[in-house]
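Each chain, letter by letter, is given below.
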Amino acid sequence: MIPLPPRFLRRPGNQSLQMIMLAHLLGVASFPCAALNHSEATVIKPTIVAHHDLVEVDPSLGLSKLIDLTLEKYPDATWLDSLEEEAAALRKRGESWTSGASQAGLRYQEATSGTLHYIDATVQVPLWNLGQRDAQQKVGEQAQASSQSQAQATKLRVAGLVRIALWDMALQRIRYEQAQVEAATFEQLLAKVKRRVELGDLPRADELLAHSELLQKRSVLTLAEAELMHARKRYASITQTTKIPANFQENLVPLKEIQQNHPALAAINSQIDRKRAELDALKLVGSGQTNVVVGINSDSMTSDPRSNKTESFNIGVNVPFGGSAHSQPQIAAMNVELNKLVAQREQLFRDLEQMHHEAEHNLKVNQVELDIANELQQVAEEHLNMTELSFSVGEINLMDLLKIQSRTHLAILNAKERAVMLQRDQAIYNQAVGVMP
């Protein structure tokens, strides 16, 4: 599980992210999901710090394909393959006509005189108890179904990691680009202030103040660049690639409640069904397996008068009984495992319901917040234009301009972030209800 940075969790409307990542875990108007679809794919822009984690936009790479490629390299891939192998082995056992390995025996006896010889050859075959073979075949079928469900649940969990990583990069890029704009704006402001200081229109203190603000913006830009590089590295670590889709927006798939075919629920239900099948098969073992013994006896290999000089055929059946005291502990232990899975399913369903509610609520909250943020951005930009005009004619001082400018930049950033968060929350909602891209 990849932990989200603290700053990401503290932002409004992000409470559901922790739940998504724990379950299996999980653009602006001019930022069409290709928040990362920029020229950086072919041109490496100079960075402030000598460290650059490059990502490349691949137009042929879709979100669904990316998840499939990530799953192939995901650590659980080997485990999923072993589940398939186990299911095949169990099916093969259920198809066998015997309940276990047959045994062959050979006994040779010789009299002390050396003239009398006995040879006994036997074959012992374990048989299925009544209904046991059918029960074992059902175990194989349930194991196969469980392996497929586990694969789907793992794929959903991987999808959640990929979704979060992509949208984290999108948010960090928005913050980085806004920090670039603010730094450039303050560079221009400092140049204007210097010119007015030279003309005697502003005091030297204003130049120092503007320079101080510029340095702070450069510091913010440096940190934003670092966070963007961290986000890219997390993405590359999860997906094992530096290529990203040109478009990873998702259409919202609204559901009133968690469906029973949710991959996480289907996975644990298949585990419960398999455990029940194993329990039924174990009960049918009873005291053990019935064995049929077939043998041939020969004592006609000598001229000794004591020899019967015959060859005989014999057959016998060994039926175990009275072994319930030995099988009950195994049955009880399997019952414990079964009920533990049932309890986990109930808890999982509650967690999914909570995630569904929070994802739905966050969508509504962020929609309202986006409308407010857009309106606030418009008002702030108009106010800034008026303030800059007033500053140019000397009606207000530099301190007031800086305050309004910072407030405006924050409003612009908030509007951009809210637009990205709304699209991200749609992906998180789909993740919560188990919808794959």
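Everything discussed here concerns the structure shown above.
Summarised in this report is the structure supplied together with it. These numbers were taken from a predicted model, which means no experiment stands behind them. (Residues numbered from 1 in each chain as written. Predicted model: local features only at pLDDT ≥ 70, side-chain atom pairs only at ≥ 80, totals over all residues. Heavy atoms only, no water.)

With that settled, consider the environment of N297. Residue position: N297 is located in strand 5 (residues 290-298). C-alpha separation for the pair N297 and Y118, spaced 179 residues apart in sequence, amounts to 7.3 Å. (Helix = DSSP H or I, 4+ residues; strand = E, 2+ residues; numbered from the N terminus.)

Quick look at the environment of E182 now. Tracing the backbone through its elements, the reader meets E182 in helix 5 (residues 132-198). Sequence-wise, E182 and V220 are 38 residues apart; in three dimensions their C-alpha atoms are separated by 9.4 Å. Not counting residues within four places of it along the chain, the set of residues in contact with E182 comprises K217 and H409. (Contact = heavy atoms within 4.5 Å.)

Among the nonpolar cores identified, the biggest contains 29 residues, and V162, L166, M169, Y235 and I244 are the most heavily contacted of them. Examining the composition of this core, we find that 11 residues originate from one element, helix 5, more than from any other. The next biggest cluster of nonpolar side chains, apart from the first, holds 16 residues, and it includes M355, L363, A419 and L422. (Core = buried A, V, L, I, M, F, W, Y, C linked by side-chain atoms within 4.5 Å. Buried < 20%, exposed > 50% of the residue type's maximum accessible area, 1.4 Å probe, protein only.)

Here we take up the packing of helix 8 (residues 324-392) against helix 9 (residues 398-432). The N-to-C vectors of helix 8 and helix 9 enclose an angle of 155°; their axes lie 7 Å apart at closest approach. Taken together, the axis directions place helix 8 and helix 9 in an arrangement best described as roughly antiparallel. Helix 9 is crossed by helix 8, and the crossing has left-handed handedness. Grouping the constituent residues of the contact of helix 8 with helix 9 by class yields 21 nonpolar, 12 polar and seven charged. (Axes fitted to C-alpha atoms, helices over the stretch in contact; angles between N-to-C directions. Parallel < 35°, antiparallel > 145°, perpendicular 65-115°, else oblique. Left-handed = near helix turned anticlockwise from the far one by under 90°. Nonpolar A, V, L, I, M, F, W, Y, C, P; charged D, E, K, R; others polar.)

Moving on to the packing of helix 5 against helix 9. In contact at an axis separation of 10 Å, helix 5 and helix 9 are set at 165° when each is read in the N-to-C sense. Here helix 9 runs roughly antiparallel to helix 5, going by the angle between their axes. The way helix 5 lies across helix 9 gives a crossing that is right-handed. Among the residues forming the contact of helix 5 with helix 9, the class breakdown is 19 nonpolar, nine polar and seven charged.

Moving on: the packing of aromatic side chains. Counting across every chain of the model gives one aromatic pair. Each ring, one from W167 and one from F248, has its centre 4.8 Å from the other, and the planes form 75°; the classification is edge-to-face. In this pair, W167 is assigned in helix 5 and F248 in the loop between strand 4 (243-245) and helix 7 (263-285), connecting sequence segments 81 residues apart. Each member of the pair, W167 as well as F248, carries the same accessibility label: buried. In this arrangement the basic side chain of R133 is found over the ring face of W97, its NZ or CZ atom lying 4.1 Å from the centre. In this arrangement the basic side chain of R196 is found over the ring face of F391, its NZ or CZ atom lying 4.6 Å from the centre. (Phe/Tyr/Trp six-rings, centres within 6.5 Å; stacked < 30°, edge-to-face > 60°. Lys NZ or Arg CZ within 6 Å of the ring centre and 35° of its normal.)

With that settled, the discussion passes to unusual backbone geometry. Across the chain, the bulk of peptide bonds are trans and the bulk of non-glycine residues have phi less than zero. Despite not being glycine, Q240 shows a phi value in the positive range, around 60°. Inspection of the secondary structure assignment puts Q240 in the loop between helix 6 (204-239) and strand 4. Under the relative-accessibility criterion, Q240 is labelled partly exposed at 49%.

Now for the pattern of salt bridges. Counting across every chain of the model gives 17 salt bridges. One salt bridge in this structure joins E337 and K275, with 2.8 Å as the shortest N-O distance. Highlighted residues: E337 in helix 8 and K275 in helix 7, separated in sequence by 62 residues. Measuring nitrogen to oxygen at the nearest pair gives 3.6 Å for the salt bridge that ties E346 to R345. Taking relative accessible area as the criterion, E346 reaches 41% and is therefore assigned partly exposed. Salt bridges linked by common partners bring E86, R274, K275, E278 and E337 together as one network. (Salt bridge = Lys/Arg side-chain N within 4 Å of Asp/Glu carboxyl O.)

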